[in-house]
Amino acid sequence: MANVILQKKISQRVANGHPWIFSNEIDRIEGDTKPGDIIEAYTFDKKFIGRGYINPKSQITVRLLTRDKNEPINEQFIFNRIQSAWDYRKKIGYTENCRLIFGEADFMPALIIDKFNDYFVLQTLSYGMEVWKSTIVKALQSIFNPKGIYERNDVPVRELEGLEQKKGWLTEPLDTNILITENGLRFYVDIENGQKTGYFLDQQDNRRAIKHISKGADVLGVFTYTGTFEIHAAHFGAKSVLGLDISENAVLQATKNAELNGVSSICRFEAVNAFDVLKQWGKDGRQYDVVMLDPPAFTKSRENIDKAVTGYKEINLRGMKLVKPGGFLVTSSCTNLVSPELFLDTIKMAAIDARRKLRQVTFKAQASDHPIIWGIENTNYLKFLIVQVL
Ligand code: SAH
């Protein structure tokens, strides 16, 4: 096993428990390495830091898997990590559908596994994790005896690691349209062509948070995807619900999901560009009791944070203008690089421009099956805010 010796001044990030070691933080490598090899990381004065995998081709050269000198990385290790992630989910009450492995937050860097009842959808986003894919499948089979395991590795980030993009069953092929139950409602999930792993489990608790404000309301849901928030609103007693998404396919799925839950007479979905119609509807003076915004991530790179903030400000400003006085704005951001403080500041700026006063109802993060690890900032990524717009 090769040794990776870090520079004299070890970064605070690594010292505080973050598993990534960047190429410019390494002083030297003792021994030969190829992508995916397990290495040991040491401080300049030869103190053991941890054991992890290396990819000399990646800017994130090492990702640590353990800081325990006595823990070897092998099949048993992978099994133990998945078992302990599952035990944690069960402990905090996420069993039927959950993010079973949330990468760094489950000490399995670059691995995502979503559990949709008897189906598992996984992503191995680094070379070092890809190496363990068949071991991961074996562990899932032995712990869960699932119906099927599907890989959604059609993700551009894999190319930075020298991996191809691909998707498909890792077990016997089955229908890729599956059905899940969330908060007593049912949703079709297209694990082959849906976004990310097919369904956004991270909002599963937040969807319940709109219960009281939905009652008797005219609701506008923007960036609806498969209609999850909107169908919840109808279920909670909304008078009318309109959901918007730029994707025709998403709108078709949302419509099917509304039928499945018997709320087709309340929910309607339209395929439009939200930025265009919100501007126009503001001019037309349209008004709703509740406006919900759940846009996709606006940036993944630091250089574009300002642009992302401008995007959030604009969409929230337009959304706010459509809220009746005393109505509610439900607004989310899943952009990793936009901190909760920055998000709130942006909403504040939008309110000043819209000349509206805000009263905060609730401010939350993602569902707890996506744990937030203190010291690993990017695990705290979802912002979910409800405000009354006065
Ligand atoms: N609220 C959803 C997730 C939304 S994901 C849920 O909880 O499941 C973001 C959605 O925004 C995607 O479905 C994407 O198609 C849509 N989208 C992206 N750009 C858009 C635009 N300009 N106008 C409307 N929808 C857009």
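Each remark here, short or long, concerns the structure printed above.
A brief look at the structure comes next. Each chain has its residues counted from 1, running along the sequence as written. Thresholds applied to this predicted model are a pLDDT of at least 70 for local features of residues and 80 or more for the giving and counting of side-chain atom pairs; totals over whole chains, interfaces and linings are not thresholded and use all residues. To obtain the side-chain values, all non-hydrogen atoms of the structure were included, while hydrogens and water were left out.

## Notes on the site of the ligand
Note on definitions. A residue lies near a molecule or strand when any single heavy atom of the residue is within 4 Å of it. Of all residues adjacent to the ligand, which total 17 residues, the nearest are Gln195, Arg207, Asp245, Ala274 and Asp294. Arg207 is positioned such that a nitrogen or oxygen atom in its side chain is 2.9 Å from an oxygen atom of the ligand. For the purposes of these results, a polar contact is taken to be a pair of N or O atoms within 3.5 Å, where, inside protein, one atom must be able to donate a hydrogen and its partner to accept one; residues adjacent in sequence count only when each atom of the pair is a side-chain atom. At 3.0 Å from a nitrogen atom of the ligand is found a main-chain nitrogen or oxygen belonging to Ile246. The Shrake-Rupley method, run with a 1.4 Å probe sphere, supplies the accessible areas, and residue values consider only the shown protein chains as cover. Against a free-state accessible area of 590 Å², the protein chains account for coverage of 91% of the ligand. Taken together, the elements giving at least two residues each to the shell around the ligand come down to α6 (228-235) and α8 (274-284). By definition, any uninterrupted DSSP run of H or I lasting at least four residues is a helix, any uninterrupted run of E lasting at least two residues is a strand, and each is numbered from the N terminus.

## Examining the packing of α8 against helix α9 (residues 305-321)
Axis definition: a line fit to C-alpha positions, over the contact stretch in the case of helices; interaxial angles, taken between N-to-C directions, run 0 to 180 degrees. Their axes nearest at 9 Å, the elements α8 and α9 cross at an angle of 40 degrees. The angle between α8 and α9 falls in the class oblique. You can see that α8 and α9 cross each other, and the crossing is left-handed. Packed against α8, whose contacting residues are Phe275, Leu278 and Lys279, the element α9 presents Gly311, Glu314, Ile315, Arg318 and Gly319 at the interface. Taken together, the residues that form the contact of α8 with α9 break down as 3 nonpolar, 2 polar and 3 charged. An angle below 35 degrees is treated as roughly parallel, one above 145 as roughly antiparallel, one from 65 to 115 as roughly perpendicular, and anything else as oblique. Handedness of each helix crossing follows the sense of rotation of the near helix against the far helix: counterclockwise by less than a right angle gives left-handed, clockwise gives right-handed. When checking whether two residues touch, look at their non-hydrogen atoms; a contact exists if any pair is within 4.5 Å. All residues other than Ala, Val, Leu, Ile, Met, Phe, Trp, Tyr, Cys, Pro, Asp, Glu, Lys and Arg, Gly among them, are scored as polar; the first ten of these are nonpolar and the last four charged.

## Digging into the sheet that holds strand β5 (residues 48-54)
The pairing criterion for strands is at least two bridges between them, as found by DSSP. With respect to topology, 6 strands assemble into an open sheet ordered β2-β6-β5-β4-β1-β3, the strand pairing being mixed. Looking at the sheet topology across the chains shown, the edges are occupied by β2 (20-22) and β3 (26-30). Mean inter-strand twist for the sheet, computed between neighbouring axes without regard to direction, equals 35 degrees. Of the strand pairs in this sheet, β5 and strand β6 (residues 60-66) are connected by 4 bridges, and their pairing is antiparallel. Bridged to Arg51 within β6 is Thr66.

## Points about the pairing of strand β9 (residues 119-124)
For β9, the tally of buried residues reaches 6 of 6 residues, placing the bulk of the element in the interior. The side-chain alternation of β9 yields two buried faces, one formed by Tyr119, Val121 and Gln123 and the other by Phe120, Leu122 and Thr124. What sits between strand β8 (residues 111-116) and β9 in their antiparallel hairpin is a turn of 2 residues, with Asn117 showing a positive phi close to 40 degrees. Throughout this description, buried means an accessible area under 20% of the type-specific maximum (1.4 Å probe, protein chains only), exposed means over 50%, and partly exposed covers the range between.

## Comments concerning α6
At 3.6 residues per turn, the α-helix brings residues three or four places apart onto the same side. The element α6 is extensively covered by neighbouring structure, given that 7 of its 8 residues are classed as buried. Looking only at α6, the buried set comprises Thr228, Phe229, Glu230, Ile231, His232, Ala233 and Ala234. Just downstream of α6, Gly237 is the residue with a positive phi angle, here 105 degrees.

## Observations concerning the pattern of salt bridges
The term salt bridge refers to a side-chain nitrogen of Lys or Arg lying within 4 Å of a carboxyl oxygen of Asp or Glu. Applying the stated criterion across every chain yields a total of 29 salt bridges. In this structure, the salt-bridge partner of Asp27 is Arg28, at a minimum N-O distance of 3.1 Å. The class for Asp27 is partly exposed, based on a relative accessible area of 38%. For Glu164, the salt bridge goes to Lys166, with nearest N and O atoms at 3.8 Å.

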